[in-house]
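Descriptive structure summary
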Amino acid sequence: MSVQVAAPAVELKELGGPRDKGAAAPSRPAEPGLLPPPGLGVAGAPCPLPAPAGEREAAAAAAAPGAGCGAERPPASGCPGLPAAGLPPGAAKVPQASAMKRSDPHHPQHRHRDGGDGGAGREALVSPDGTVTEAPRTVKKIQFADQKQEFNKRPTKIGRRSLSRSISQSSTDSYSSEERPEQLSVGSSLPHSAQANAKGTLSAPKEAMKIWLAHPAASYTDSSDDETSPRDKQQKNSKGSSDFCVKNIKQAEFGRREIEIAEQEMPALMALRKRAQGEKPLAGAKIVGCTHITAQTAVLMETLGALGAQCRWAACNIYSTLNEVAAALAESGFPVFAWKGESEDDFWWCIDRCVNVEGWQPNMILDDGGDLTHWIYKKYPNMFKKIKGIVEESVTGVHRLYQLSKAGKLCVPAMNVNDSVTKQKFDNLYCCRESILDGLKRTTDMMFGGKQVVVCGYGEVGKGCCAALKAMGSIVYVTEIDPICALQACMDGFRLVKLNEVIRQVDIVITCTGNKNVVTREHLDRMKNSCIVCNMGHSNTEIDVASLRTPELTWERVRSQVDHVIWPDGKRIVLLAEGRLLNLSCSTVPTFVLSITATTQALALIELYNAPEGRYKQDVYLLPKKMDEYVASLHLPTFDAHLTELTDEQAKYLGLNKNGPFKPNYYRY
């Protein structure tokens, strides 16, 4: 990529006539104890122009000691034309004012500043006879060449395109066809050889640029202006397989690097892979998954593969997929059907491609949100005859499972991972406490101090969001339907309100309830100008975005996942990710926290797949407490933490097994 910094060229107009090139310039004297600013003489006057050599010698001989005129000091750094060091002895002497009078009638008039009353800052002309007259006010000292007109006429490759547009696309027009790089990552550092030329445009020698941009694809982000749907592309991985659909299989190398980084922050999952890959506890398992496709999910998928499972995967969110990671998984042989920016039709098509495949039928489901389970119930209900269980990790998906169970339509056992202690406390609370700020900063560049924020819902996600925003200096309000959670919010220092009471004054509205129509069109109409609206719950039903798609409202895309919705009177709100999950749509989440969630999911799959017939009925179950504690113990070595062990006497006193579980199922952490 070529980035050109277009800046108007600065032209310095000489204040006097032609100068003697190579001649040293004398310095004006300073009163004792007074140092004029750099580049100025006494009373703010500019550095005088050098006199001819003969006059300099005469002035040096006539300099009167004690009057301050014969004092020597280094020249001010701001005086143009003065050498930094090495002045000849004669040049260091400052001439008296009388020596500045010109006797040569052909010599150009000499200019200086009048430091007198009322004339400070004005230029004056000194005639050969010593008469001082004020110069015309039109004389300029420093001038931008043609200023705006020159700036607009400056030849530049980016022309009048927006800066974001110029940076986001490949720099194809700054290089010849032989030298053109594929793409340049915006985050890359400039090579040391790159320098700014006189016009203010970044440049670098060709050889340095060739080394710098030697890789055929210098960015893992989606590069191009290619808007072709992946469904219309014919792609194959290096093994010749085409059983996948991703944005660009050529991004696999970058995705592999991200996966390798994620592995370093997922100690429990890697430990589980190492311990259990010899036993292959998932041998014969055919897992169809629908989750966020990120580097962390890739580590989970590859762990399941190492434990013996076959996997097919789709995305549970149209904006959260990392295209380079999906490409890396496809290159490794995983049938992945996902890309960032899917349409609603693409979303269901990808799920169907995972499920409806000749010669392959799933026997386990790993879902996030319940969409995959819903699709199989709707389109392929007979598949449940061979499915051993469902593992669900979101509030929305668990709610759907409980509804099916209550209606008697749940025909396989299901594991509620969302309400396991490790998922609830770490993923929902600690993860959202960090990722809410990341998502808002990346999309809006806003400052949180003093902003008024209303958080709808004070569950674990809401608690994390409120804690983060309060720590940043925001004024936080909370809405809640549960009196227990409401009391917790009050005890934590937040004001409990109804949304209608504060909707006109808040700067940010955040939903995290798992419900629908929490923010309605009525609320949206009453919001202040530039109010930011976003969702931290899994489903996109919390904000009534559909009500905003009407003819009288204008949608204006600001940047990726950021839209202005403009009312006829000019008021606008800032809608993030079209009401979908903010952190995974607009930023990332901490890998270490996802290690906890992914390990919990893997253990739940192993448990359901290997459970003897009859252990689990057609109902929704919580992860056994023992497994929760095991997941937590796998992460403790990261902190060099050392658990205290119960003595036999202590264990007997508490009525516990020394190895756990240490809390009953009804215990609230």
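Calculation criteria
Residues numbered from 1 in each chain as written. Predicted model: local features only at pLDDT ≥ 70, side-chain atom pairs only at ≥ 80, totals over all residues. Heavy atoms only, no water. Phe/Tyr/Trp six-rings, centres within 6.5 Å; stacked < 30°, edge-to-face > 60°. Buried < 20%, exposed > 50% of the residue type's maximum accessible area, 1.4 Å probe, protein only. Lys NZ or Arg CZ within 6 Å of the ring centre and 35° of its normal. Salt bridge = Lys/Arg side-chain N within 4 Å of Asp/Glu carboxyl O. Helix = DSSP H or I, 4+ residues; strand = E, 2+ residues; numbered from the N terminus. Contact = heavy atoms within 4.5 Å. Polar contact = N/O pair within 3.5 Å; in protein donor to acceptor, adjacent residues only side chain to side chain.

1. Re the packing of aromatic side chains
Taken as a whole and judged by the stated rule, the model has nine aromatic pairs. Plain terms: the ring middles of Tyr377 and Phe384 are 4.1 Å apart, the flat faces sit at 35 degrees to each other, and that makes the pair tilted. With a relative accessible area of 5%, Phe384 lands in the buried category. Three or more aromatic residues joined by ring pairs form one cluster here, namely Phe347, Trp348 and Trp375. In this structure, Arg312 is placed above the aromatic ring of Trp360, and the distance from its NZ or CZ to the ring centre is 5.7 Å. The cationic tip of Lys571 hangs over the ring face of Trp567; the distance from NZ or CZ to the ring centre is 4.1 Å.

2. A closer look at the pattern of salt bridges
Evaluation of the coordinates by the stated rule reveals 22 salt bridges. Among the ionic pairs, Asp345 bridges to Arg231, the shortest N-O distance being 2.8 Å. Here Arg231 lies in the loop between helix 4 (206–212) and helix 5 (252–264) and Asp345 lies in helix 9 (residues 344–355), a separation of 114 residues in the sequence. In this structure Asp345 comes out as exposed when scored by relative accessible area, which is 51%. Two residues, Arg353 and Asp243, come together in a salt bridge whose shortest N-O distance is 4.0 Å. One end of the pair, Arg353, is in helix 9; the other, Asp243, is in the loop between helix 4 and helix 5, with 110 residues separating them in the sequence. One salt-bridge network, in which partners are shared between bridges, spans Arg549, Arg557, Asp563 and Glu578.

3. Focus: the environment of Asn248
Locating Asn248 in the fold gives a position in the loop between helix 4 and helix 5. Looking at Asn248, the relative accessible area reads 25%, which means it is partly exposed. Along the primary structure Asn248 and Ala328 are separated by 80 residues, whereas in three dimensions their C-alpha atoms are 9.8 Å apart. For Asn248, the residues in contact, after removing those within four places along its chain, are Gln235 and Ala327. Reaching out from Asn248, the side chain makes a polar contact with the backbone nitrogen of Lys250 at a distance of 3.0 Å.

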